[in-house]
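Fold and geometry: a report
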Amino acid sequence: MKYGYFDDKNKEYVVTSPNTPSPWVNYLGTPLYGAIISNNATGYSFKESGAKGRVIRHKFNSMSNDAPGRYIYIKDLADNDYWSSSWAPVCKPTEQFKSECHHGMGYTTIVSVYKNIKTETTYFVPTGETYEVWKCTVTNLGDTARDLSVTGCCSFVNHSSFIDDQVDLQCSLFLTSTALIENIVYQTHRLERGVAPMERFFSLADAKVDAFCGDRDSFLGLYRGYQNPEGIEKGLGGQTNFNGNSVGAIQSNITLKPQESKTFTYLLGQESLKNAKTITAKYKDGALANEQLQDIKSQWNEKLDSLEVETPDKNFNSMINVWNAYNCYMTFTWSRAASLIYCGLRNGYGYRDTVQDIQGIIHLNPALAKEKIRFMLSAQTAKGAGLPLVKFTHNAGFENTPDEDDYIKETGHPAYRSDDALWLFPTIKKYIGETGDTAFLDEKIVYANQNTPVTVYDHLKKAIEFTLNNFGDHSLPLQLHADWNDSLGAGAGAESVFVAFQLVLALDIISKYAAAKNDTEYLKELDKAYKKVSAGLNTAFEGDRYIRAYRADGKKLGSKDSVEASFWLNPQTWSVISNYGDEQTRIKVMDGVFEKLNTPYGAKLFDIPYGKEDIPGKMGMSYYNDYTKENASIFCQTQGWLILAEALLGRGDRAYKYWKEINPAEYNERAELRTLEPYVFGQFTEATGSPFAGRSHVHWLTGTASTVMVGAVEGILGLRPEADGLVINPSIPGEWDGFKMKKIFRGKTLFIEVKNPEHKQSGVSKIFLNGKQYPAALIQDSDLTDNAQIEIILG
Ligand code: GLC
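Throughout what follows, the structure given in this document is the object of discussion. Computed from a predicted model, the values in this text were never measured in an experiment.

Helix and strand counts for the protein chain stand at 20 helices and 41 strands. Taking 795 residues into account, the globule formula puts the C-alpha radius of gyration at 28 Å, and the protein chain, at 28 Å, falls close to it. By its C-alpha atoms, the protein chain is 80 × 65 × 50 Å across when sized along the principal axes. Burial statistics for the protein chain: of 795 residues in total, 63% are counted as buried. If you take every contact in the protein chain between residues at least 6 apart in sequence, the share linking residues at least 24 apart comes to 67%.

Right, let's get into the pattern of salt bridges. Under the defined criterion, the tally for this structure stands at 52 salt bridges. Taking the shortest distance from any N to any O, the salt bridge between lysine 118 and glutamate 120 comes out at 3.8 Å. Lysine 118 gets classed as partly exposed once you look at its relative accessible area, which sits at 27%. For glutamate 120, a relative accessible area of 34% translates into the label partly exposed. Between aspartate 591 and arginine 654 there is a salt bridge whose closest N-O contact spans 3.1 Å. With aspartate 591 in helix 16 (residues 583-597) and arginine 654 in helix 18 (residues 652-662), this pair connects stretches of sequence that are 63 residues apart. The structure contains a network of salt bridges with shared partners spanning Arg352, Arg417, Asp419, Asp420 and Asp486.

Take the packing of helix 12 (residues 456-469) against helix 14 (residues 520-539) next. Between helix 12 and helix 14, the least distance of the axes is 12 Å, while the angle of their chain directions is 35 degrees. Remark: the crossing between helix 12 and helix 14 carries left-handed chirality. Contacts between helix 12 and helix 14 pair Tyr457, Lys461, Ile464 and Leu468 from the former with Tyr522, Leu526, Ala529 and Lys532 from the latter.

Turning next to the environment of asparagine 317. If you trace the backbone, asparagine 317 turns up in helix 7 (residues 314-334). With a relative accessible area of 12%, asparagine 317 lands in the buried category. In sequence terms asparagine 317 and aspartate 8 are 309 residues apart; their C-alpha atoms lie 8.6 Å from each other. Among all residues touching asparagine 317, those that are not within four sequence positions of it are Asp8, Val309, Glu310, Thr311 and Val322.

Inspection of every chain in the model, using the stated rule, returns 54 aromatic pairs. When the ring of phenylalanine 60 is compared with that of phenylalanine 162, the centres are 5.5 Å apart and the planes differ by 90 degrees; the resulting orientation is edge-to-face. Remark: phenylalanine 162 occurs in helix 1 (residues 162-167) and phenylalanine 60 occurs in the loop between strand 5 (45-47) and strand 6 (71-76); sequence separation between them is 102 residues. The exposure class of phenylalanine 60 is partly exposed, given its relative accessible area of 23%. Since its relative accessible area comes to 13%, phenylalanine 162 is described here as buried. Here the aromatic rings of tyrosine 656 and tryptophan 659 are separated by 6.2 Å at their centres, their planes lie at 10 degrees, and the arrangement is stacked. Residue tyrosine 656 and its partner tryptophan 659 are located together in helix 18, separated by 3 residues, close to a single helical turn. Judged by relative accessible area, tyrosine 656 falls into the buried class, the value being 7%.

Attention shifts here to the side chain of threonine 675. Relative to the elements of secondary structure, threonine 675 occurs in the loop between helix 19 (671-674) and strand 32 (682-685). Not counting chain neighbours up to four residues away, the residues in contact with threonine 675 comprise Pro21, Ser22, Trp24, Arg695 and Ser696.

Over its 15 residues, helix 16 runs 21 Å from end to end, which matches the ideal 21 Å to within 8%, given 1.5 Å per residue. Along helix 16, the residues that are buried comprise Thr585, Arg586, Val589, Met590, Gly592, Val593 and Leu597. End-on view of helix 16: buried residues confined to an arc of 145 degrees, all on one side of the axis. In helix 16, the exposed positions that point more than 90 degrees away from the buried face belong to Gln584 and Glu595. The backbone nitrogen of glutamine 584 lies 3.2 Å from a side-chain oxygen of the residue at the head of helix 16, namely aspartate 582.

If you check the shell around the ligand, you find Arg336, Arg352, Asp353, Trp484, Asn485, Asp486, Glu630, Phe635 and Gln683 and nothing else. In the environment of the ligand, an oxygen atom lies 2.8 Å from a nitrogen or oxygen atom belonging to the side chain of arginine 352. At 2.6 Å from an oxygen atom of the ligand is found a side-chain nitrogen or oxygen belonging to aspartate 353. A class-by-class count of the residues in the shell around the ligand yields 2 nonpolar, 2 polar and 5 charged.

Once that is clear, we can look at the sheet that holds strand 15 (residues 200-204). Overall, antiparallel pairing links the 10 strands, which are arranged 1-2-8-9-10-11-18-15-14-13 in an open sheet. Only two strands of the sheet have a single neighbouring strand rather than two, namely strand 1 (4-7) and strand 13 (176-181). Looking at each pair of strands side by side, their axes are set apart by 15 degrees on average, direction ignored. Pairing analysis gives 8 bridges linking strand 9 (residues 107-114) to strand 10 (residues 117-124), with the strands arranged antiparallel. Bridged to tyrosine 107 within strand 10 is phenylalanine 124.

Here the focus is the sheet that holds strand 25 (residues 549-550). The strand order across the open sheet built from 3 strands is 24-25-26, with neighbouring strands paired in antiparallel fashion. Each edge of the open sheet carries a strand with a single partner, namely strand 24 (495-496) and strand 26 (556-557). Two strands pair when backbone bridges link them, and strand 24 and strand 25 are joined in this way by 2 bridges, in the antiparallel orientation. Pairing of serine 496 across the sheet is with alanine 549, part of strand 25.

What follows deals with the pairing of strand 4 (residues 33-38). The buried fraction of strand 4 amounts to 6 of the 6 residues, a majority that puts the element mostly inside the structure. Covered by surrounding structure in strand 4 are Tyr33, Ala35 and Ile37 together with Gly34, Ile36 and Ser38, the residues of both alternating faces. Sheet topology places strand 3 (residues 25-30) next to strand 4; 6 bridges connect them, and they run antiparallel. When the sheet's bridge partners are listed, valine 25 is paired in strand 4 with serine 38. The hairpin turn running from strand 3 into strand 4, its antiparallel successor, is 2 residues long. Note: strand 4 against strand 5, 3 bridges, orientation antiparallel.

Cut-offs used in this document
- Residues numbered from 1 in each chain as written.
- Predicted model: local features only at pLDDT ≥ 70, side-chain atom pairs only at ≥ 80, totals over all residues.
- Heavy atoms only, no water.
- Helix = DSSP H or I, 4+ residues; strand = E, 2+ residues; numbered from the N terminus.
- Rg over C-alpha atoms; globule rule 2.2 N^0.38 Å.
- Buried < 20%, exposed > 50% of the residue type's maximum accessible area, 1.4 Å probe, protein only.
- Contact = heavy atoms within 4.5 Å.
- Salt bridge = Lys/Arg side-chain N within 4 Å of Asp/Glu carboxyl O.
- Axes fitted to C-alpha atoms, helices over the stretch in contact; angles between N-to-C directions.
- Left-handed = near helix turned anticlockwise from the far one by under 90°.
- Phe/Tyr/Trp six-rings, centres within 6.5 Å; stacked < 30°, edge-to-face > 60°.
- Expected span 1.5 Å × (residues − 1).
- Arc of directions from axis to C-beta.
- Polar contact = N/O pair within 3.5 Å; in protein donor to acceptor, adjacent residues only side chain to side chain.
- Near = heavy atom within 4 Å.
- Nonpolar A, V, L, I, M, F, W, Y, C, P; charged D, E, K, R; others polar.
- Pairing = 2+ DSSP bridges.

Here is the structure:
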């Protein structure tokens, strides 16, 4: 079933049926103040941290109408009928209640019409501010005057800490109280002088407050919920909260003549009373909210402006130009923290996740990427490994590491992982390619635990050294605490083929930097390292597949002889990405992937799931249901590597097929199957073999956004910038006649047209730059002009 459509012109997804198969959400705000909002206005807000800075409550694991949200109730005072400006929580029959939710870039607007009353509510967080705005315009579409009450309502937390608020009620229930002060429902906390400031407010800026309520139980009434609150049925009673739960509910009574409108601007945040008053006063007339909203829209237009594609596939365009890019920004901004599926308890950045996520925005905003790369380099230890968790309070140069007990105690991460620092190589390569900023390699940055700055080039050398210092008996890198697969858990002493391929790629990248620096001695070392890892990889090859790992007990994972999990996706795709071995082998293993792992929804992580075999105790993935999460699901992040690998092989049809299988927009017409938002990626999809094959989970904040972006942009579209210029080498479906791109590259706008007269899948036969045939595959930076016209002919 279809619940909505993509409006690319306005960069919106418009939900037209509110009863979506799961809450379909949007992210508002910045790291200062974030808000998650669903198409039915549910969700939560937080200051800085999803786990420790909660402002309003959300009930996890509940469908929309059971979860508090940012509700605005409308009541017809003539007949006492009431509804909400979002379909839920009141959920009037959809035949009578017409609604559209426009999720846009940094704002969400819900437009509803019921019994001739239209409400249009826009939610946003003004840039740089630490509160949110709900601007609701109520219009009488009918031809008789209507007496209405309009009530804005939110559910404050009692404690900023999610855990304390939800489960430590013996304490958190007894901390706050509410009061109405002018037009503000103000929630205060006894421990104002304590660790976290816990003052929150909900106010109405531009209309008269006729009644209010600050106590949740009085607002809802006994044995009722947000779908039928007593406070709406009877009118708000002015109760305040003391030793219970708070709401902020503010009611205004109005009369609307035919065609008349009235706007209500509500403000919500965690601020002192003084700040709340100042903030509220600013919104007395509508101008500021409108300006701020415009500002958010233009900022997003600018952020997404660096690449615009026009291919024959509308879904592809919607994703690359708008939603995949937005998803990448959100994952980049929020790391893998707060969503409707995770409370954001991880108070820091995962090393691998963050370095991977940077890749998704490099082509859009290299300056922002550079800042984060610097930060992540400053979180590499002097040994060369990444800190598994980089605390939000990261103090570069002075941090403790997994070698010290206090780090382990504080973060819960007991040891280094083998892959973390190796992600730096493709990320830095992409950054240098996008910008030409090779000088970055000479920039000096400290290590996490050593306050003497060393060059980025030395940081990379250290990462190689760390990997080479941790090799096992089969001449492969040790998996250590984990490699990319957090729940492989093959035991201390296990060796990872996946990381071996990461190392091959890293060696290739650093060799080029070493050659440019005439670092000949080091080049010899790199050559030795390559031979060492090749020896391991060659034994890990079984004729049609690379195995996945050697367990600590020496047993192979992902071997022909394995009873379960005998064929794995990642080692095969990474053999191509790292350009290892001969082309015939690369093709053979990738054909194996197609035959053995592909499903209509993407390729499985491996097959068959773990469950019955002798499994070493720590193998977390065997814990999951079959074809779920790391236990043989379609783990979506890996699909980006799959797309990239096929594109690098020049097999455009396959690359595109895999892209379509995983692309959320492809499921727009049958959204009930996938259940997640058709405009964002999820972490995994249940594979065939599950009774719910095709259903996806863990929305929004996932490495999938960046890997699929890279697979599409670098792989399918073939934008492969190098330090000294641009290579455009597309791998497209043979059926495409071609496509166009507008790309901002190093400050110049390039207009690129790819023509495919012979319906090839790849292979550039001619390049024209500003009308003249260009003699090489790499277009030198110095030859590129602003507004350059580039024509690429496949054939
Ligand atoms: C999750 C984690 C990521 C890990 C992956 C596979 O996405 O965030 O770090 O690589 O699972 O286990």
